[in-house]
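Listed here are the chains, written in short residue letters.
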Amino acid sequence: MTLHLFGRAFDGFERSLTDQLAGLDADHRLLEIEDLQHEVVDGTLATDGRADVLMLITDWLPSLIASGRILPLDFSTAAPQGWPDAWAPALRELQTGADGRVYGVAYHDGPMLFLYRTDLYESATERAGFQERFGYPLAPPTDWAQFRDQALWFDRPEQGLRGTVQAGYPDEHNNVYDFLTHLWSRGGELITPDGGSGLDSPAASAAVDYLQGLWHVDQVVDPAAAAWDSVTSGVHFAAGEAAMMVNWAGFATMSADPASPTHGLVGCAPVPGGATMNAYWVLAVPAGARDPQASLDLIRRLTTHDMDVRTALAGGSATRRDSWADPRVRALAPYYTVLEDAHQNSRSVPVDPRWPRIAAVLNEMMRAVVEDGAGQSALGKAHVELGALLALGR
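If you're wondering where the values come from, they're calculated on a predicted model, not measured in any experiment. (Residues numbered from 1 in each chain as written. Predicted model: local features only at pLDDT ≥ 70, side-chain atom pairs only at ≥ 80, totals over all residues. Heavy atoms only, no water.)

Draft legend 1. Layout of the sheet that holds strand S10 (residues 281-284). In spatial order, the strands read S2-S1-S3-S10-S4; together these five strands make up an open sheet with mixed pairing. The open sheet has two edge strands, strand S2 (26-31) and strand S4 (105-108), and neither has a second partner. Taken over all neighbouring pairs, the strand axes of this sheet differ in orientation by 30 degrees on average, direction set aside. Two strands pair when backbone bridges link them, and strand S1 (residues 3-8) and S2 are joined in this way by six bridges, in the parallel orientation. Within S2, the position partnered with Phe-6 by the bridge is Arg-29. Packed on one face of the sheet, helix H2 (residues 33-42) meets S1, S2, strand S3 (53-57) and S10 and runs near 110 degrees to S2. Here helix H10 (residues 292-302) sits on the sheet and contacts S1, S2, S3, S4 and S10; the angle it forms with S1, its principal contact strand, is near 55 degrees. (Pairing = 2+ DSSP bridges. Helix = DSSP H or I, 4+ residues; strand = E, 2+ residues; numbered from the N terminus. Axes fitted to C-alpha atoms, helices over the stretch in contact; angles between N-to-C directions. Contact = heavy atoms within 4.5 Å.)

In structure tokens form, the structure reads like this:
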């Protein structure tokens, strides 16, 4: 029997899985993230027998666990190599259900970091000019005001250089993550302690104003980025088209190729404001798997140290601590030396089975901000819709 693995379309995953499944009675099919979400969260892929292993973003897990569409993993006889300590706590918690059982093993890691062009930030000319204009030294920003200053300074569209990159495509992922990162860094919460909407807070208002400012007031983002998802935005950054961005750490590996125009020129630092988004991809067994034990055996094989290193070398992002320390992996990108620390203060989307519906509300809000410049009116509409959605669960 040939096992069928379904996951997200990404060149790094295509290369890693082609290598890792070679010689095995298994194949893979990778879908665009919207199509994968439609098939898994809204459709029947997890239950109809087409899939034996699913590669899933952690955002979807609470809903899938609550509905019984993915199976708990039995590690009583043969746990993954090094489980659990080979993975940092932040890469184990989001696939652990309320019942304490484990529903997946991490395959590809975030988190978000500040990525920047070291050749620009270390240039004596750039440093002197920035100091003269803004009155403080040029260095990776520690707050969003500094981020805006630096985006303004480096934004030179006539030279093919933009101040920053945003992933504006409304796929319920990076556009939503960007808003949450700004909300959290300003002390806001999406859901209030009493279970209501937190979108009527000063923090939410400031977050929307800031993001709208990048797109429509300061205009330091290429307007074409409204159609870019996270992967595409990473490609444009690696091509040297922007000075800096907040995005997934793994996209620094897009510059690892010696032929890349930014090879050796990408640095990593914490996200301004201190809020780091944590989301990662896990391998899970769908309820419709034809042979769940064979599916689990394949997951164990794909998450060993050797396979994790291969994921990194293929352009994915390693998830294991022993891989982060491996010289072959550390040579690929600068972020591997800071991942352990970055995960100490990371946060994730609410662990709530209603998350897909919550994300849809935020997605439309951010689409209206990015595409229409709707700003506060979009926020107000989202507050009403989120409040109504959350009221149903009280």
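Read on for the rest.
Draft legend 2. Inspection of the side chain of Asp-308 at higher detail. Here Asp-308 is to be found in helix H11 (residues 305-313). A polar contact is formed between the side chain of Asp-308 and the backbone nitrogen of Arg-320, at a distance of 2.9 Å. With residues near it in sequence (within four places) discarded, Asp-308 still touches Tyr-107, Ala-318, Thr-319, Arg-320 and Ser-323. (Polar contact = N/O pair within 3.5 Å; in protein donor to acceptor, adjacent residues only side chain to side chain.)

Draft legend 3. Seen up close, the packing of helix H5 (residues 124-134) against helix H6 (residues 144-154). The geometry of H5 relative to H6 is characterised by a closest axis approach of 11 Å and an angle of 120 degrees between their N-to-C directions. Relative to H6, H5 is oriented oblique. For the crossing formed where H5 meets H6, the hand is right-handed. Packed against H5, whose contacting residues are Glu-126, Gly-129, Phe-130, Arg-133 and Phe-134, the element H6 presents Asp-149, Gln-150, Leu-152, Trp-153 and Phe-154 at the interface. Taken together, the residues of the contact of H5 with H6 sort by class into five nonpolar, two polar and three charged. (Parallel < 35°, antiparallel > 145°, perpendicular 65-115°, else oblique. Left-handed = near helix turned anticlockwise from the far one by under 90°. Nonpolar A, V, L, I, M, F, W, Y, C, P; charged D, E, K, R; others polar.)

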